[in-house]
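Now for the letters of each chain:
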Amino acid sequence: MESPPPATASPGAPTAHPGSIVGILAFAGIVAALTQTLVVPLIAQLPTLFDTSASNASWVITATLLAAAVSTPVAGRLGDMYGKRRMLLVSLVPLILGSVVCALSSSVIPMIAGRGLQGLGMGVVPLGISLLRDVVPAEKLGPSIAIMSASMGVGGALGLPFAAAIAENTSWRVLFWVVAVLALAVGALILALVPADRPATTVAGRFDLPGAIGLGAALIALLLAVSKGADWGWASATTLTLFATALILLPTWGWWELRRRDPLVDLRVTARPQVLMTNTASVLVGFAMYAQSLVVPQLLQLPEATGYGLGRSMLAMGLWMAPAGLMMMAMSPVGAKLSAAKGPKVTLAVGSLLIAAGYGLSVPLIGSGSPWSLLLVTLVCNSGVGFAYGAMPALIMSAVPQSETASANSFNALMRSIGTSFAAAVIGVVLARMTTDFGGFPLPSENGFRVAMLIGCGVGLAAALVAALIPVRTTKAPLDPPAPTTAPTRAHQEA
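Model, not experiment: these values are computed from the prediction. (Residues numbered from 1 in each chain as written. Predicted model: local features only at pLDDT ≥ 70, side-chain atom pairs only at ≥ 80, totals over all residues. Heavy atoms only, no water.)

Some words on the overall build of the protein chain
Selection criterion: Elements are defined by DSSP. Helices are runs of H or I of four residues or more, strands are runs of E of two residues or more, and each kind is numbered from the N terminus. The reference for a compact globule is 2.2 Å times residues^0.38; the radius of gyration itself is calculated from the C-alpha atoms. Residue contacts are counted whenever heavy atoms from the two residues lie within 4.5 Å of one another. In this description, accessible areas are obtained by the Shrake-Rupley approach with a 1.4 Å probe, and a residue is regarded as covered only by the protein chains that are shown.
In terms of regular secondary structure, the protein chain is built from 19 helices and two strands. Computed over C-alpha atoms, the radius of gyration of the protein chain comes to 22 Å, within 12% of the 23 Å expected from 2.2 N^0.38 for 495 residues, which places it in the range of a compact globule. The principal-axis extents of the C-alpha atoms in the protein chain amount to approximately 75 × 50 × 45 Å. Of all intrachain contacts in the protein chain linking residues separated by at least 6 positions in sequence, the fraction that spans at least 24 positions is 80%. Looking at the protein chain as shown, the accessible area adds up to about 19600 Å², and 69% of this sits on carbon and sulfur atoms.

With respect to the packing of helix α13 (residues 273–301) against helix α14 (residues 314–342)
Helix packing geometry: the angle between the two helix axes and the distance between the axes. So the rule is basically this: Helix axes are fitted to C-alpha atoms over the stretch in contact, other axes to C-alpha atoms as well, and angles between N-to-C directions run from 0 to 180 degrees. For classification purposes, an angle smaller than 35 degrees is called roughly parallel, one larger than 145 roughly antiparallel, one from 65 to 115 roughly perpendicular, and anything else oblique. Rotating anticlockwise by less than a right angle from the far helix to the near helix defines a left-handed crossing, while the corresponding clockwise rotation defines a right-handed one. Note on residue classes: Ala, Val, Leu, Ile, Met, Phe, Trp, Tyr, Cys and Pro are nonpolar, Asp, Glu, Lys and Arg are charged, and everything else, Gly too, is polar.
Viewed as axis vectors pointing N to C, α13 and α14 meet at an angle of 135 degrees, and their least axial separation amounts to 9 Å. Classified by the angle their axes make, α13 and α14 are oblique. As for how α13 packs across α14, the hand of that crossing is right-handed. In contact with V296, P297, L300 and Q301 of α13, α14 contributes M314, M317, W320 and M321. Broken down by class, the residue content of the contact of α13 with α14 amounts to seven nonpolar, one polar and no charged.

A few points about the packing of aromatic side chains
Each aromatic ring pair is described using two quantities: the centre-to-centre distance and the angle formed by the ring planes. Here is the rule: Two aromatic rings from Phe, Tyr or Trp, using only the six-membered ring of Trp, form a pair when their centres are within 6.5 Å; if the ring planes differ by under 30 degrees the pair is stacked, by over 60 it is edge-to-face, and anything between is tilted. Exposed residues in this analysis have more than 50% of their type's maximum accessible area, buried residues have under 20%, and partly exposed residues fall in between, with area computed by a 1.4 Å probe over protein chains only.
This structure, assessed with the given rule, holds four aromatic pairs. Arranged with centres 6.1 Å apart and planes meeting at 85 degrees, the rings of W172 and F176 form a pair that is edge-to-face. On the basis of relative accessible area, F176 is assigned to the buried category, the value being 0%. Each ring, one from W320 and one from W372, has its centre 5.0 Å from the other, and the planes form 85 degrees; the classification is edge-to-face. You can see W320 sitting in helix α14 and its partner W372 sitting in helix α16 (residues 371–397), a full 52 residues away along the chain.

What about the side chain of T72?
Mapping T72 onto the fold places it in helix α4 (residues 59–82). The class for T72 is buried, based on a relative accessible area of 6%. Aside from chain neighbours lying at most four places away, what touches T72 is M122, G123, P126, S410 and A413.

Here's the deal with the pattern of salt bridges
Defined as follows: Only one rule defines a salt bridge in this text: a Lys or Arg side-chain nitrogen within 4 Å of an Asp or Glu carboxyl oxygen.
Within the structure shown, the criterion is met by five salt bridges. Measuring nitrogen to oxygen at the nearest pair gives 2.7 Å for the salt bridge that ties D134 to K84. Placement of the pair is D134 in helix α7 (residues 124–135) and K84 in helix α5 (residues 84–104), with a sequence separation of 50 residues. When sorted by exposure, D134 lands in the same class as K84, which is buried. Salt bridges sharing partners connect three or more residues here, namely D208, R260 and D262.

Some remarks on the pairing of strand β1 (residues 435–438)
What counts here: Pairing between strands requires that DSSP locate at least two bridges from one strand to the other.
One ladder, built from four bridges, connects β1 with strand β2 (residues 441–444); its direction is antiparallel. Residue pairing for β2: D437 is matched across the bridge by P442. Hairpin connection, β1 to β2: the antiparallel pair is bridged by two residues, and G439 has positive phi, about 60 degrees.

Topic: the environment of P371
Within the secondary structure, P371 sits in helix α16. The class for P371 is buried, based on a relative accessible area of 6%. For the pair P371 and Y359, spaced 12 residues apart in sequence, the C-alpha to C-alpha distance is 15 Å.

Let's talk about the packing of helix α8 (residues 138–169) against α16
α16 packs onto α8 with a crossing angle of 125 degrees between their chain directions and a minimal axis gap of 8 Å. One element, α8, and the other, α16, form an angle in the oblique class. As α8 runs across α16, the sense of the crossing is right-handed. For the pair α8 and α16, the contacting residues are I145, A146, S149 and M152 in the first and Y389, G390, P393, A394 and M397 in the second.

A word on the environment of A357
Along the polypeptide, A357 turns up in helix α15 (residues 344–365). In this structure, the C-alpha to C-alpha distance between A357 and V377, residues 20 residues apart in sequence, is 8.7 Å.

Focus: the nonpolar core
Note the threshold: Here, nonpolar core means buried Ala, Val, Leu, Ile, Met, Phe, Trp, Tyr and Cys residues that are tied together by side-chain atoms lying within 4.5 Å of each other.
Counting 107 residues, the largest nonpolar core has L132, V285, L348, Y359, Y389 and F449 as the members making the most contacts within it. Membership of the second largest hydrophobic core comes to 18 residues, among which are F50, V108, I166 and F176.

Some remarks on the confidence of the model for the protein chain
Should pLDDT be low for a region, the predicted coordinates there are not to be read in detail. The following threshold applies: Every residue is assigned a pLDDT by the predictor, reflecting its confidence on a scale from 0 to 100.
Per-chain confidence: the protein chain averages 85 in pLDDT, with 91% of residues scoring 70 or above. Mean pLDDT across the secondary structure elements of the protein chain bottoms out at helix α19 (residues 490–494), with 38, and peaks at helix α18 (residues 446–468), with 95. Scored below 50 in pLDDT, residues 1–13 shows 26 contacts in the model against residues more than four places distant or in partner chains. Confidence drops under a pLDDT of 50 for residues 475–495, and excluding neighbours within four residues, the segment shows 24 contacts in the predicted structure.

Notes on α7
For clarity, the threshold we go by: By this rule, a helix spans an expected 1.5 Å times one less than how many residues it contains.
With 12 residues, α7 ought to run about 16 Å at 1.5 Å a step, and its terminal C-alpha atoms sit 16 Å apart, in line with that. For α7, a buried count of 12 out of 12 residues is recorded, marking the element as mostly surrounded by other parts of the structure.

Some thoughts on the environment of M81
Following the sequence through the fold, M81 ends up in helix α4. For M81 and G211, which are 130 residues apart along the polypeptide, the C-alpha to C-alpha distance reads 15 Å.

Some thoughts on the side chain of S236
Considering the arrangement of structural elements, one finds S236 in the loop between α10 (209–232) and α11 (237–259). Taking the relative accessible area as the measure of exposure, S236 reaches 18% and is therefore buried.

Things to note about unusual backbone geometry
Even without being glycine, D51 reaches a positive phi, approximately 50 degrees. Residue position: D51 is located in the loop between α2 (46–49) and α3 (54–57).

Laid out in structure tokens, this is it:
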């Protein structure tokens, strides 16, 4: 993949060895990912802690999802306009503030607000990946992207045992204070050691506020319908209205973006076959990645008396899940070497096949009575996720102009997020419909878990097929499209 030389720091500007820069940005990604699994051990306790209903408490998770979906493409666009390092630091501010608000909360409303603020910081990972293109030498870019991408899995996996251990042995508020301190440390390291990138001079200076509002409204309608449809009823007036709103707003937003000289998301670039199909694969990989994280923890924690549950505690479940996240990091350099030898398209296809293989392996192992079998499944699946997550940004950045790196990566991250949201909805429906009676309480059945894993396998195979069909650019032609004759860029106007 082509890459410009790293940005030259001005005298007195922070600078560090490329390896240190990658380590700092990966640390930032781990801290951001921690917030996504931070409240998992608290889910059952939230109604009691805040004297509210389970339905109201579920907004503690939904608020983070919605805020992240809305803010990620905005952070990417602003990163291209004003500098990725600057926006990386800005994104840490709501993450810190949200953690403090959550730590001080005594009722569900401020807790939801704090979690929403934490979601606003989820642009850290795509911004960090995009910044690598500017500050890391070209020969180190592939491995650096793979490591940064793997940080999401590491943070998510380590978050479970970390959060469970703290929640079981001390106050739940400590969880959020720890994240606040870690985010502050990340900001200090970035300020001290990570050099600033050069904002692209070809990016028009006006931020597309109507486009940001339109996309945000469409995403909120879509993701609310997907994430809350099971609670509200898939045929309820609220759910159907939200789906209809999304169907109206998304095409309207696309029409607006295509008419703008300085769009929030350049849909003409996004429509390039390599970018479009990579984003399609990202939705499928996001789905396949998340489905097993919904199934395996339940199997580990369900009572042994069911015949297929393993009866482990929340802390033990987190410890059994943690190696899978570490496997993502361990496999990232292997994936980078494969991308260097065969191209990221091959790495994405191989990773998707590995994910499918992990799911296929799980079907006969469900009900085996051994956590080791489920550990094997998660290790295989997450090896594939590590390959895929490192390959997707590489494919995106090799097909978009330098001036749109952060925007394109943030949009790709949004596609993965949409995939995980649909996985939660689909797998949730399967496990809710395929149940067995256990002491008068309905629990997901053994066959329900098998069907869920088969769905994950099928989606993984679909991702591999899409990856195999990605038309990779082989010419050295400039990536930047010619300026439209009716709407010259700012650079042309200044010339």
